[in-house]
Structure formats: structure tokens, C-alpha cells
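What follows is the residue order along each chain.
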Amino acid sequence: MPKDHGIGASPTRREDVRFLTGRGKYTDDIALQGQTYAVFARSQVANGVIKSIDTSEAEKMPGVLAVFTGEDFVDVGGNPAGWQINSRDGEPMKEPKRPVLAHGKVRHVGDAYAAVIAETEEQARDAAEAIVAEIDEQPAVVDMAAALKDGAPLVHDEIETNQCFDWGWIEDNRAATDEAIKNAPHVTTLELVNNRLVPNAMEPRASTADYDPGTGDYTLYTTSQNPHLTRLLISAFVLGIPENKLKVVAPDVGGGFGSKIYHYGEEALVLAAAKKIGRPVRWTASRSESFLTDAHGRDHVTKIELACEKDGTFIAFRTETMANVGAYLSNFSTATPTFLHGTLMAGNYAVPNVYVNVKAVFTNTAPVDAYRGAGRPEATYSLERVIDMAARELGIDPLEIRRKNFVQPDQFPFTSAAGLEYDTGDYGALVDKLEEMIDRKGFEARRKESEKNGKLRGLGVNTYIEACGIAPSNLVGVLGSRVGLYDAATVRVNATGNIAVMVGAHSHGQGHETAFPQVVADMLGIDENSVEIVHGDTSKIPFGMGTYGSRSLAVCGSAVVRATEKVINKGKKIAAHMLEASEADIEFTDGQFSVAGTDKSVGFGDVALKAYIPHDFPLEEVEPGLEETAFYDPANFTYPAGAYACEVEVDPETGKVTIERFAAADDFGNVINPMIVSGQVHGGLAQGIGQALLENTTYDADGQLISASYMDYAMPRADDVPFYSVDHSCQTPCTHNPLGVKGCGEAGAIGSPPSVVNAVIDALQSGGHTNVTHIDMPLTPSRVWSAMNS
Amino acid sequence: MYAFDIERPTRIADAVKLLSDSSESQPLGGGQTLIPTLKQRLAMPERLVSLTAIPEMQGVCKSDAGELCIGGATTHATVAAEAGDYPALAALAANIGDPAVRNRGTIGGSLANNDPSACYPAAALGSGATIITNAREIAADDYFQGMFTTALDEGEIITEVRFPVPEAANYQKFDQPASRFALTGVFVARFADGVRVAITGASEEGVFRWSEAEEALSKDFSADAIAGLSLSGDGMISDLHGSGDYRAHLAKVLTGRAVSAAG
Ligand SMILES: Cc1cc2nc3c(=O)[nH]c(=O)nc-3n(C[C@H](O)[C@H](O)[C@H](O)COP(=O)(O)OP(=O)(O)OC[C@H]3O[C@@H](n4cnc5c(N)ncnc54)[C@H](O)[C@@H]3O)c2cc1C
């Protein structure tokens, strides 16, 4: 029987009531007395020298309160990259300054070089149009290979190259890997593109700043996945406002997918403007601004080689990748193609040799950073495509070649050839489950049926492993992270027994407001509806590194567990006093503190009340109140893994691909709320399918974003995706966090693209197109048709 | 958006007068094309003259000659619901955009705009419809003059569109994956005196008739009849959604499918 409450139950998401009835409160819904509006003047060219900016007309326009240009921010800091990566030769990465507003040069279409603050948004827009900027357009670099050539136009003149770094992982394994590949009986080589994606959160970015001249306090309401991180970046690097004078609030946030992890210049601008004019300043991005300026995702060009024995035993993976970082380094942009990508390049496999080389490249395009999956989708796609290709070349069943090479259950903990220590897993069980879910036995009959209707049918499979629960601070510190990646929670038990839990994780679609109370209620033996989550406000929450990298439950949830344990321990002290027993004899189960071996007990609610009405309290032994805080720093990453299968039909006349079936078997360790987990997988699958079939970010040679609206950028819609079959019953609980959980937020987006592409190739091969061994994503009808007819 | 005035006349004559008063006036149909253009500040009319409150321009009826007459401000949703006498046309309207677009967008607005990827131009040209304006009647063959270009004069409005009803017809639309306008769309209509084939979404010149296919299909109304024909990719739209050759190929495939579906 499924549980009806606590851990493992599936209560519907309490936050959905307000979201679905239009009562969510987003940044743009917050109206402050006397607020004004900011509008940005943005570059129309991808690369240009700013000769002059004349704001005199704009300043005279009706309603205009202030105009800013890059000149106003030359003395403040740049928005930094969060990880320092060193090149193979030991040189630190090139890290040009990312200013609040462009100064001297504009570096991508949409790069803001000025901002107007006015009484109304229309007035600000009118004035922004009246700014006269003389910008001398320079040739742009868009293509990464071209950007790395000698004499290429430079994105940042001062660093004299477009290469940010040239990173090797693991450099000491390079020679052995090269040697293994040279001597291997079979080598499969694949060149592929991991296509750039525009995040397209439903809610565009927005920021409202307020400044109190009486106290000198700033408040920033902003669309952030991690308000504390934003505060830290603004305080420590950009504006230097001390943390205790800056409150950052991220209210309801309508989707982030990574793009709202980062601090953006607009946030600093509205803060500076609010102080200057002494009134609140609001900015809300238009959809066009979102396309041009949100940090994009992916954008790798990769060559991968798989060396194996004739029987399919893997010998080595060698990868050379160019990773686009766009015009400026966004906060996680240097970690994503390196430590979130290279370290996963052994996949689920006991392969002895792995070497990864990543060159990060500046181009005159929007910055690229972590996007749902962040590095792991790129790793999974490269691995699982080349494995599929090798299986086909060697005539081995695509699941068998994977099974043959899996790390086996008795090998855990297992240190992969890419340097991570996988704590636990059972990949064979996932694949067994997958075959059943997709009805693999029935596939041939379905293929014949499709052929009768003039369609080609294909089945594609893949596995994945990812590293979540980001991340052990001591490990990431060694690897170049400039922050720690713990999280924090405070459990506040109020006098009448209800509970507020202040968490550092931020919920913007993940369902924390429902799932976290399940954990606390389960531990305390109380009704989960008496537990509320408080998140997204730096003035209310001890600290937090936010939500990304599928870390909320594994890291922040662990902090919640630790804080709740402290509450129980303190409750025991109080109960011991109330029951006149020794603390060591107090047991806590199902919401009752009892004296071991007796029938004497007192309920959790009574203990809470006593904590706040401490008449006859042993004050020398225990303080009044019942509130505890814990910081949790994980011991390792967590390693969700899964096996995915996709079945497609291809219309050979038009090249159109239709997904007929999709099955996802995931191991997320223990599951708190199975319904929420399924929902997270569904969303991730839609994004992965979007990447595989639809999402086609295209810059032309001049650096203009051709796909800058929904007229040209195809987002997955309901009828683009099938009814999914998802399962998370194969569970190997994480061995190093208290809940045994691994994280499920990104899996769907990580695991799905290769199975879609593998399925299409399988379909085309079955239709006699044996020369078609690869098509780059997105597999639009025209690309598939062209591949079939080339 | 820049500020503008808006008028909602209830008679065609008043609308025409408002439009001729000032060259800065522009007709407003359902606003599904015009409003996004204004929001992006790509146009700045001083005055919009809404046509959707004019009863004479609303609804679907049948003429004595058996033609289907559709008011110029009739929404796609109304055509989808009420053009049952011309099922291929009703089906085309039912598949434009999404419900919001269909509940606002109008046939007159679509034909006046003449987007090279729009659906109605294929129906009008493929049916040999007559575009009726406040000033005159224009045969579809004379009306479409290239991408976003029509025979309409400044201030002239489409008050009605008259469709002869064919014996058999079908519209095949192959969606552009993002906009879901027609990446290529083909309207085939068989009349007693011959077959018309109109192709949208493909040519740089906008909607056009494929005369070789019409000839072949007039002799033998079957998909096989066009097997030996082909369209050239030259002059076809080439963009990130498909090359000219791909569109030319699609046009042929869709023509065959339309013929088979029309039966
Ligand atoms: C999301 C979306 C999806 C769409 N999908 C499709 C699709 O699949 N297929 C398709 O064909 N179309 C599609 N459209 C376009 C839609 O059909 C519009 O309705 C149409 O393009 C314009 O009609 P309208 O009534 O909205 O005109 P408006 O936007 O009001 O006006 C368009 C132009 O026509 C002029 N005008 C309007 N009415 C008249 C008139 N009676 N006489 C003279 N001039 C007039 C206006 O001045 C303006 O220049 C889509 C639109 C959107 C927003």
C-alpha cells in the first residue's frame, strides 16, 4: 500500500494551489510605493567599439530621473566566475572583467551599455531610444573554431586570445589513454554538436531594488534560484554593499533551469539607481531581452573516440571539446564544461582509461552557463552516442554492450577512470526494468506495423550517471571553486507546536514546500500540514547556496534532517525534566517522548509549549525556546543513474520524427514524494526531447540571434511529447547522506537526448539509410530529410 | 508600444471614412499580427480603426450562386464552426494557431497581411475566391502580389471573401516547428472545370499556383498523376527551418497527400 503521509507518500503539491489560481507572487507583482522603471539600451551589434554615448536628449525627456552608462560603474567590481580553472600548462584561466554596463566595447547583441530610470516604463523606453550611441561595429566571432584561429577578431582585446582555458582531465591519464587508443582493436570516432539552448523560463528575469536613506539598507527583490549567492556576489565582488545592509528576496520564481542561478548586471544597476534617486526601481525583462541576455546552455563541439575490444569491452574514451562561454564568464560557466562534464566521462562503465580536453572559447554571443543538467547532459550525450555507434559497428546489441561494461553492484564504492567515487548503484537492474517498461520484445512487431504504414520505426536506448548534491566543499575547493557548497536550515518550533523551516534551498517549481515538510513531519511524528517552509529571503534564513545541480534535498534536505535531530535532542532534555526522568532514558517515537520501559510519556506539542512557557524550567541545563539550525556539507556527490529508451517513427517522405514511446528507469535512491519525482522527470524529459528535436538556437555570422523569438525558437509543446513511462523503484540509497537520497531534478534532461537520437538513427538504418550514422541535434524534419537524401 | 487612438465604428462607411481621414490610420482586425508588431515598436500608427464591431463584416453565409461568403472580420473560430458547407476550409481555419489566435484573428486580417506562411492565402487562391473590399471585387489570382504584398490600396478594407465551393478539396499543412505556421502548405480543390493547387510557405514570392500539377490533376485526380513532376528549390524560401529544396520537396509530397485526402 502506498503511504498516505510522511516520507514516501504523494500528497499533492500545496504550492500549486496558489500557482494554478493566479495567486503566486512574483517579483513583478511586488509594487512598492513610488516605484520607478528601468529600461536598458542594448547593443544591436555583436562586437563594437563604443565611440561615444550621448545621453543629453534622453535626460531631458519627460519623466526621466536618471541615465546610467558604463562610465558610472568603472570603479565597481566585475561580476566574477565562481570557479577558477587552470589550463593544462598550469596557467590560470583568462578572466576578463564583466562590468555592470558595457564600457569601451559591446560584446554581444543585447549587451547593455546604458540604462534609463523614469516615472513610467514607456517614458524610460522612449528615453532609451533617444540615447545616441556611436558604436563602431567590428567583425564578430561566432564560430568557436574560427575564434581560436590566429588573427581572429577578439572578444576581449586585453586578453589577446579568445581562449579562456585549455583544460585536461585527468592530465596524468593522457599518455596512457592515447597509447590505449593507438593499440586498440577497434576505435569508433564521432564528431558531434551539443546544441545551444535558450532557457526560456516562463517568468522572465525581473529585479526591483529599494533603498532606505534613513538606515542605508538595501532590499533587492529578484528572480533568483539562490538569493544568498546573489547577495554574496553583490557584496563581495560587485557593489561592495555589506551583507548586513543588503536583503535579497527571491519570491515566487517562475522557473529557472539554471538561468536564474547567476547574478546579472541588471540587479546591480537597479540597486545603484535606487540609491541615486532615492526611490524604488523596477526592471522586468521582455521576452526578447530574455532570449538575448539570459545565460544560455550547452553549446559544445566535440570529438569523442571510444576504443574497445572486438567483443565490445571498453578500453578508453578520449574527448576533445570546444565549449562556448559566450562573451563574458557567467558565474558557473567555467565549472560546467569542466568539473560537471569531464568528471562524468567514464559514464556507468568500468572503463580503465578516460581523458578529456576542454577548450573554453569566448565568442560574441550571449554568455553560456549551467542549464538543467549542466555538463552532465553534454557528457552523457557524447558517451551514449559513441557507444551506440560502436555497438552498431561491432554488431552488438546496444543494451548488451552497456551491460558488459557496467560497474557491477559489488564494485561499489567505485572510483571511475574520470576520478569520481561512485558510492552505490545497480545499473543492470535499471536496464532490466527498462526492457520491461518499453516492451522491447514487442518492438519488432511494432516496427513491422509502422512499415506497413510507410513509416520507419526505431528504438534507442542509453544509460546515464550524473553527479548531484553539489558539493563537498573541501573537494570543490581543491578543484577551484571560490565558494563552499553546503546548505543550511533552521527548524523553528513555535509554542503551539507548528513549525517553520527556514531553508537555504529555493523552490521555483521543485515542490519543496510540500516535500520538505514530509521529512520533518515524518521525523517528528506530526501532521505535515503543520510544517511550513520559508525560503527565498536572506533576512529570514540563516544561509544557503540555493537550488541547482539537483542539490536541494540531498544537501539542504540533509541540513533539515540535522536541524530536526537537534530539535528532538533538545525536546528530550525538556521531556526528561517534565517526566522527571534522566535524559538518557527518553525515547522519541511517533511524536511521543517516553521513558524507556515505562508507560510515562509526553507529546511533542506539550514539549514545545513547555519550551516557550518555561515556568519551573531547569534554566541552568536547558535554554527556553525550541529552534535549531544546522549547516550540512556533503561528504561526496550523489550519483543518480538511469536507463532510458525512446521509440520513434520517422516519416521518410518529410523527415518528421514522432516519439511513440518513452521509458525512463531512474535510481534516485530513496524517494520522499514519488509524485513530485515523476513530475520532475516528466519536465526534464520534455526539455531533453526539446533539445533533441526542436530547440535550434542559431546565430548568423554577424552574431545576430536568428532564433530570438517563439516564431523561430521551438519549445516543446504538449503534443510534441508522448505519455511517458517513468519508474523509480530501482533504489540504491545514497550511502553518505541521512535520507539516502540522490536528486532527481535534472535526470530527465540529462538522460533523454541520446536515446531520442539513437532511436532516429536506428529507424533510418532500418530503412536502408546505412550511411546515416549521426545527425546533429535538433533533429528537425529538414535535417532528418537532408541526412536521408545526402 | 507607442501611444495611439482607437476607434470602433459599426458601419463599413464609417470605417472607410476614418481610414481616409488620416494617412496615419490603420485598420485593426483581430490584432494577432498587428498588436505584436506594435508591442515591439516596429510600427507607430496614430489611430487604429477596429473592424470587429461592424456587423456587416461578420459571419458566414451562402450566396444565391452557392458561394460561401465570409465577412472580412470573421474570426478563424467562427469559420471553423460555421463553414461546414466547405469542410476543407473549416478544417484549415480550425488548425490556425491556437484557440486564442483563432478567437481573435480574422480572415480579412490574414488575407490583408499575406504572410508568406499563412494558411488562408492558400485557401483563397486554391479556391479561386473573390476578395471583396469597400471599393471593388478582386479575383484571388490578381490579389496576391508577393510576400506581404496585395492588390489592396491604402485605406481599402476587405469586407468579405467569397469562396466557390469545390467538389472536393483538402489542405495539407506541414508545421514550421516553432511558429506552427505552414513551413509549407498545399490547398487542392477540384471543380467541375478543373483542379486548382495553391502552395503557401514555400516561395519567396508568397502563395502561388502550381500549374503543372493542376494540369495533371485535372486529367487524373490521383496522387500518381503528379509522380513525375517536381518543383525547383530556386526561388523557394531557405531559412533555419528548411532549405528551398526541402520546401519544394514538401510541396510535392503535400500535394499528393491533399489529393489522396480529398478523394
Ligand atoms: C501564435 C500565432 C499563431 C498563428 N498561427 C497561424 C497559422 O498557423 N496560420 C495562419 O495562417 N496564421 C497564423 N497566425 C496569424 C493569424 O491567423 C492572424 O489572425 C492573421 O495573420 C492576422 O489577422 P488579424 O485579424 O489578427 O489581423 P491584424 O493583426 O489585426 O492585422 C494584420 C494586418 O492586416 C490589416 N487588416 C486587418 N484587417 C483588415 C481588413 N479587413 N482589411 C484590410 N486590412 C486589414 C491590418 O491593418 C494589419 O496590417 C498566427 C498568429 C499567432 C499570433
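Predicted model only: the values in this text are computed from it and were never measured.

Criteria and cut-off values
- Residues numbered from 1 in each chain as written.
- Chains lettered and ligands numbered in written order.
- Predicted model: local features only at pLDDT ≥ 70, side-chain atom pairs only at ≥ 80, totals over all residues.
- Heavy atoms only, no water.
- Helix = DSSP H or I, 4+ residues; strand = E, 2+ residues; numbered from the N terminus.
- Buried < 20%, exposed > 50% of the residue type's maximum accessible area, 1.4 Å probe, protein only.
- Contact = heavy atoms within 4.5 Å.
- Areas by Shrake-Rupley, 256 points an atom, 1.4 Å probe, with all protein chains shown as cover.
- Lys, Arg positive; Asp, Glu negative; His and termini not counted.
- Charge placed at Lys NZ, Arg CZ, Asp CG, Glu CD.
- Rg over C-alpha atoms; globule rule 2.2 N^0.38 Å.
- Domains from an automatic or database assignment.
- Buried area = accessible area lost by both parts, 1.4 Å probe.
- Salt bridge = Lys/Arg side-chain N within 4 Å of Asp/Glu carboxyl O.
- Near = heavy atom within 4 Å.
- Polar contact = N/O pair within 3.5 Å; in protein donor to acceptor, adjacent residues only side chain to side chain.
- Nonpolar A, V, L, I, M, F, W, Y, C, P; charged D, E, K, R; others polar.
- Pairing = 2+ DSSP bridges.
- Axes fitted to C-alpha atoms, helices over the stretch in contact; angles between N-to-C directions.
- Phe/Tyr/Trp six-rings, centres within 6.5 Å; stacked < 30°, edge-to-face > 60°.
- Lys NZ or Arg CZ within 6 Å of the ring centre and 35° of its normal.

Attention shifts here to the overall build of chain B. A tally of helices and strands in chain B yields 10 helices and 12 strands. Here the C-alpha coordinates of chain B stretch approximately 55 × 45 × 30 Å along the principal axes. For chain B, buried positions account for 54% of its 263 residues. Once local pairs closer than 6 in sequence are excluded, the contacts in chain B between residues at least 24 apart make up 58%. Summed over all atoms, the accessible surface of chain B reaches about 10900 Å², with 47% contributed by carbon and sulfur. For chain B, the centre of its 20 positive side-chain charges and the centre of its 33 negative side-chain charges are spaced 6 Å apart.

In terms of regular secondary structure, chain A is built from 19 helices and 28 strands. For a compact globule of 790 residues, the expected C-alpha radius of gyration is about 28 Å, and chain A comes in at 27 Å, within 12% of that figure. Counting every position in chain A, which comprises 790 residues, the buried fraction comes to 62%. Summarising the internal contacts of chain A: among those between residues at least 6 apart in sequence, 80% fall at separations of at least 24. A total of about 27500 Å² of accessible surface is found on chain A, and carbon and sulfur atoms cover 50% of it.

The next thing to look at is the domain arrangement of chain A. Residue and element names in this part refer to chain A. Here chain A is partitioned into domain 1 (18-138 + 202-255 + 260-293), domain 2 (300-471 + 636-788) and domain 3 (486-632). Inter-centroid distance (C-alpha atoms) of domain 1 to domain 2 is 35 Å. Each partner contributes residues to the interface: domain 1 has 32 residues there, and domain 2 has 30 residues. Taken as a group, Trp-83, Tyr-262 and Phe-291 account for 28% of the area that domain 1 buries against domain 2, more than any other trio of residues on that side. Inspection of the region where domain 1 meets domain 2 yields zero salt bridges.

Further remarks concern unusual backbone geometry. All names here are of chain A. Of note, the amide linkage connecting Trp-169 to Ile-170 takes the cis form, showing an omega dihedral of -10 degrees. By the secondary structure assignment, Ile-170 is in the loop between strand 7 (163-169) and helix 5 (174-182). For the bond running from Phe-412 to Pro-413, omega is -5 degrees, close enough to zero to count as cis. Following the sequence through the fold, Pro-413 ends up in the loop between helix 10 (398-405) and strand 16 (414-415).

Next up on the list: the site of the ligand. All names here are of chain B. In the neighbourhood of the ligand, 29 residues make up the surrounding shell, with Pro-27, Gly-30, Gly-31, Leu-34 and Thr-106 lying closest. Arg-180 has a polar backbone atom sitting 3.2 Å from an oxygen atom of the ligand. Elements that contribute at least two residues to the shell around the ligand include exactly strand 2 (25-28) and helix 6 (107-113). Top element by residues in the shell around the ligand is helix 6. It accounts for four residues. Considered class by class, the residues forming the shell around the ligand number 13 nonpolar, 13 polar and three charged. Both domain 1 (58-163) and domain 2 (168-262) contribute no fewer than three residues apiece to the shell around the ligand.

Take the interface of chain A and chain B next. At the junction of the two partners, chain A supplies 24 residues and chain B supplies 19 residues. For the pair chain A and chain B, the summed buried area comes to about 1900 Å², and 51% of that belongs to carbon and sulfur atoms. A salt bridge links A:Asp720 to B:Arg180; the shortest N-O distance between them is 3.1 Å. For the interface between chain A and chain B, the tally reads 17 residue pairs in polar contact (both at pLDDT 80 or more). Among the elements of the structure, helix 3 (121-130) and helix 19 (781-788) of chain A are those that each provide at least two residues to the side of chain A that touches chain B. Classifying every residue of the side of chain A that touches chain B gives eight nonpolar, five polar and 11 charged.

All right, on to the environment of A:Phe317 then. All names here are of chain A. Position of Phe-317 relative to the elements: it lies in strand 14 (residues 314-326). On the basis of relative accessibility, which here comes to 0%, the residue Phe-317 falls in the buried class. Sequence-wise, Phe-317 and Pro-352 are 35 residues apart; in three dimensions their C-alpha atoms are separated by 8.9 Å. In contact with Phe-317, not counting residues within four places along its chain, are Thr-177, Ile-304, Glu-305, Leu-306, Met-345, Val-351, Asn-353, Val-354, Tyr-355, Leu-383, Val-386 and Ile-387.

Let us look at the sheet that holds strand 27 (residues 657-667) of chain A. The pairing of strands in a sheet happens through backbone hydrogen bonds and is either parallel or antiparallel. Residue and element names in this part refer to chain A. Reading across from one edge, 18-26-27-28 is the order of the four strands in this open sheet, with mixed pairing throughout. The outermost strands of the open sheet, each flanked by one partner alone, are strand 18 (456-465) and strand 28 (724-727). Across this sheet, the average inter-strand angle for adjacent strands is 10 degrees, counted without regard to direction. Pairing analysis gives 10 bridges linking strand 26 (residues 641-650) to strand 27, with the strands arranged antiparallel.

This brings us to the packing of aromatic side chains. All names here are of chain A. Under the definition given, this model contains 34 aromatic pairs over all chains. A ring pair is formed by Phe-662 and Tyr-724, whose centres lie 6.3 Å apart and whose planes are at 90 degrees; its orientation type is edge-to-face. On the criterion of sequence distance, the pair formed by Phe-662 in strand 27 and Tyr-724 in strand 28 is long-range, its members being 62 residues apart. A residue is classified by how much of its surface remains accessible, and Tyr-724, at 15% relative accessible area, is buried. Between Arg-205 and the ring centre of Tyr-264, over which it is positioned, the NZ or CZ distance is 3.6 Å. The lysine or arginine in question, Lys-276, covers the ring of Phe-68, its NZ or CZ lying 5.1 Å from the ring centre.

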